[in-house]
Amino acid sequence: MRIVFFGTPDFAVPALNALVESGQEIVGVFTQPDKPKNRGMKLMPTPVKECAYTYNIPVYQPSTLRDGSAVELLRQLEPDLIVVAAYGKILPKEVLELPALGCVNIHSSLLPKYRGAAPINWAILNGEDRTGVTLMYMAEGLDTGDMLAQAETEIALDEDAGQLHDQLARMGAKLLVETLPSLEAGTAVAVPQDDALSCYAPMLSKELSPVDWSRTARQIHDQVRGLVPWPSAVTQLDGVRCKLWKTALTHETTDKAPGSVVQADKRGLKLACGDGQVLELLEVQPDGKKRMAASAFLAGHPIQVL
């Protein structure tokens, strides 16, 4: 099967690897243009571009898919199937209709829940205990296409969005390869989504970062996990602005006001939450410094418990 792959970030790399290792003919890879990064603002290739080069697959990086040139290029590549994983741009109708077997997308949620840009994060932010990946036909709507297959997994209570991202990327790659034979044979069964069950997972922003200690311990714990690695939950610790990287539910209770420090010693750094529960801070990052254990922060910045 002649396949053109569309993808950009780390999430898409396992899928491209899996396609190559399964013996499929990858005739081209489309990925976002290189972007400047770090202090030197040097142009950096996307993770998918780097992966494609290791296999000597031709890479294309159009700035737009809507000026006709990308569609013409795709016609020349003559794909039987287009596979998409976190490409970063909406594919126009002309592209969706081009391959004989259609366009399929790996989406990191159990559709129709969490359509949109940040499904992994919002599943954790909303306290879900299960999520998964969906392989779907692409349609003109936002993640509205008919579903071909799903794989489900538990979200561990101490799992953050970065860890879940990596797990779902591997699951999506496996699901894709398992479904390819039925796609090629024309026997794949597509199931329409129930729009009534859908919910939206919008892009993240720094507006989500400030911690409101009047919320429950579980809600704050989910906020911390859901915003790793960006934009991170943020709070003030004795006047020092800190990102929160890792927390733990203690099931301890307190009558102190929300946000009060309950404990700050070798045994741990713990704060009171709005439901009377105590949340332990395990890893923090003061502004201008590296991520560190809470004990290391306290060693350099002792906090008096009142």
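Since this is a predicted model, take the numbers as computed values, not measurements. (Residues numbered from 1 in each chain as written. Predicted model: local features only at pLDDT ≥ 70, side-chain atom pairs only at ≥ 80, totals over all residues. Heavy atoms only, no water.)

## As for the nonpolar core
Generally speaking, nonpolar side chains in soluble globular proteins are found buried as a group.
Then comes step 1: The biggest cluster of nonpolar side chains holds 47 residues, and the ones touching the most others in it are Phe5, Leu16 and Leu176.
Then comes step 2: Sort the elements by how many residues they give to this core and helix α6 (residues 161–185) lands first, with ten residues.
Then comes step 3: For Phe5, the residues in contact, after removing those within four places along its chain, are Ala12, Ala15, Leu16, Leu19, Ile26, Gly28, Val29, Phe30, Val48, Val83 and Ala85.
Then comes step 4: Counting 21 residues, the second largest nonpolar core, distinct from the first, contains Val224, Leu237, Ala264 and Val284. (Core = buried A, V, L, I, M, F, W, Y, C linked by side-chain atoms within 4.5 Å. Buried < 20%, exposed > 50% of the residue type's maximum accessible area, 1.4 Å probe, protein only. Helix = DSSP H or I, 4+ residues; strand = E, 2+ residues; numbered from the N terminus. Contact = heavy atoms within 4.5 Å.)

## What about the layout of surface pockets?
Then comes step 1: Taken as a whole, the largest pocket encloses approximately 1,700 Å³ of empty space.
Then comes step 2: For the largest pocket, the lining is made up of 47 residues, of which Pro9, Ala86, Tyr87, Gly88 and Ala117 are closest to its centre.
Then comes step 3: Mapped onto the lining of the largest pocket, the elements with two or more residues apiece are β3 (35–37), β7 (103–107), α5 (119–125) and α6.
Then comes step 4: For the lining of the largest pocket, the leading source of residues is α6, giving four residues.
Then comes step 5: Looking at the lining of the largest pocket, its residues break down into 27 nonpolar, twelve polar and eight charged. (1 Å grid on protein atoms, 1.4 Å probe; cavity = no way out; pocket = protein on both sides within 12 Å on 5 of 7 lines; lining within 4 Å. Points joined across faces, edges and corners; volume = space filled by probe spheres on them. Nonpolar A, V, L, I, M, F, W, Y, C, P; charged D, E, K, R; others polar.)

## A closer look at α6
Then comes step 1: Over its 25 residues, α6 runs 36 Å from end to end, which matches the ideal 36 Å to within 8%, given 1.5 Å per residue.
Then comes step 2: Bending of α6 peaks at approximately 35 degrees at the position of Thr179, with proline Pro181 no more than four residues after it.
Then comes step 3: Those residues of α6 not exposed but buried are Ala161, Leu164, Leu168, Ala169, Met171, Gly172, Ala173, Leu175, Leu176, Thr179, Leu180 and Leu183.
Then comes step 4: Two to three positions downstream of the cap, the backbone nitrogen of Gly162 sits 3.0 Å from a side-chain oxygen, assigning the N-cap of α6 to Asp160.
Then comes step 5: Just downstream of α6 lies Gly186, where phi reads positive at about 75 degrees. (Expected span 1.5 Å × (residues − 1). Bend = angle between axes of the 7 residues up to and from the residue. Polar contact = N/O pair within 3.5 Å; in protein donor to acceptor, adjacent residues only side chain to side chain.)

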